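Structural features, examined
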Amino acid sequence: PNFDTLPAETLGALGKKIPIVIGHSAITDFARPTLRRPLIIKFHHDFLLSPISDPNGVDNLADGYSKALSEIFRLYTPIIIGYGGNDGSLMGLLENLPEKSIPGGILWCWRKGDPPGQRIEAVVAKQAGTLIEISGFDELMTLLEAPFGHIFTPGKLSERAIERAKELTAAKDRLAKQAESSLSP
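Read on for an overview of the structure. (Residues numbered from 1 in each chain as written. Predicted model: local features only at pLDDT ≥ 70, side-chain atom pairs only at ≥ 80, totals over all residues. Heavy atoms only, no water.)

So, the overall build of the protein chain
Going by this rule: Elements are defined by DSSP. Helices are runs of H or I of four residues or more, strands are runs of E of two residues or more, and each kind is numbered from the N terminus. Put simply, the radius of gyration uses C-alpha atoms, and a globule should come to 2.2 Å times the residue count raised to 0.38. A 1.4 Å probe rolled over the protein chains alone gives each residue an accessible area, and that area as a share of the maximum for its type sets the label: buried under 20%, exposed over 50%, partly exposed in between.
When its secondary structure is counted, the protein chain shows 7 helices and 5 strands. In terms of C-alpha radius of gyration, the protein chain reaches 22 Å, well past the compact-globule figure of 16 Å for 185 residues. A principal-axis box enclosing the C-alpha atoms of the protein chain has dimensions of 75 × 40 × 30 Å. For the protein chain, the residues scored as buried account for 25% of the 185 residues in total.

So, the pairing of strand E4 (residues 107–111)
Formally: Strand pairing follows a simple DSSP-based rule, namely that at least 2 bridges must link the two strands. Convention used here: a crossover is right-handed provided that the path from the first strand, over the helix, to the second strand proceeds clockwise when the strands point away from the viewer.
Bridge analysis of strand E3 (residues 79–81) against E4 gives 3 bridges, and the strand direction is parallel. The partner of Ile80 across the bridge, within E4, is Trp108. For the segment spanning E3, helix H4 (residues 89–96) and E4, crossover handedness is right-handed. As paired strands, E4 and strand E5 (residues 130–134) are joined by 5 bridges and run parallel to one another. Directly across from Trp110, in E5, lies its bridge partner Glu133.

Quick notes on the environment of Ser50
The line we're drawing: Two residues qualify as a contact provided that any one of their heavy atoms is within 4.5 Å of a heavy atom in the partner residue.
Note that Ser50 resides in the loop between strand E2 (39–41) and helix H2 (55–59). As a C-alpha pair, Ser50 and His24 span 26 residues in sequence and 7.9 Å in three-dimensional space. Ser50 has contacts with His24 and His45, leaving out every residue within four places of it along the chain.

A closer look at the packing of aromatic side chains
Each pair of aromatic rings is reported with the distance of its centres and the angle of its planes. Inclusion rule: Any two of the Phe, Tyr and Trp rings considered here, Trp counted by its six-membered ring, make a pair once their centres fall within 6.5 Å; the pair's planes then place it as stacked at under 30 degrees, edge-to-face at over 60, or tilted in between.
In this structure the tally under the stated criterion is 2 aromatic pairs. Between Phe43 and Tyr65, the ring centres sit 6.2 Å apart and the planes meet at 70 degrees, which makes this aromatic pair edge-to-face. With Phe43 in the loop between E2 and H2 and Tyr65 in helix H3 (residues 63–75), this residue pair connects regions lying 22 residues apart in the sequence. Here Tyr65 falls in the buried class, since its relative accessible area comes to 1%.

Let's talk about H4
Counting buried positions along H4 yields 6 of 8 residues, so the element is predominantly enclosed. Taken together, the buried positions of H4 are Ser89, Leu90, Met91, Gly92, Leu93 and Leu94. The inward-facing, buried residues of H4 abut H2, H3, E3, E4 and helix H5 (118–126).

Brief notes about the sheet that holds E3
What holds strands together in a sheet is hydrogen bonding between their backbones, with the strands either parallel or antiparallel. Put simply, the test is: To define axes, lines are fitted to C-alpha atoms, for helices over the stretch in contact only, and angles between the resulting N-to-C directions are given on a 0 to 180 degree scale.
Taken in spatial order, the 3 strands of this open sheet run E3-E4-E5, and their pairing is parallel. Taken across any chain shown, the strands that pair with only one partner, and hence form the sheet edges, are E3 and E5. Across the sheet, the mean angle from the axis of one strand to that of its neighbour is 25 degrees, orientation sign disregarded. Sitting on the sheet, H5 touches E4 and E5, and the angle it makes with E5 is about 130 degrees.

These results come straight from atomic positions and should not be treated as a statement about function.
Below you can see the structure in the form of structure tokens.
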């Protein structure tokens, strides 16, 4: 989403990798599929960088985004979660991609009770993809945590927090001693 920094902050805090955030069409050249860092692309700009929300802007995707995404889709299978395909920008790009040009097709998750429309069904079929019914985003993330090796264990989280607090306290004490000794004549 272009309205918050939560995905980037979460990747930094939990994934221990600072992502590259493409928050404006002027920097889409940095969105390369061979990066070793997570990549976040904000199609309608970041909320701090001239966000696009007018009907014309939302219906059109800047050329830089189209080029970057086409290259990324050439190498990676997208998993689409929480996108209804109701704009012309990203949906237009997906519709205009050549048939079966995305390896593995598209995995398009749709929320139970809110089936995908014909545009989405056509894009998924064109890419030989799969429509996946899910209960919700949080439920899907819970199911995916084990396969991705991020099992939530409250005890381990508490231990890490206590250990980190000890490390920060020790570092602060060292800095305070260094500062005091540098002030002494």
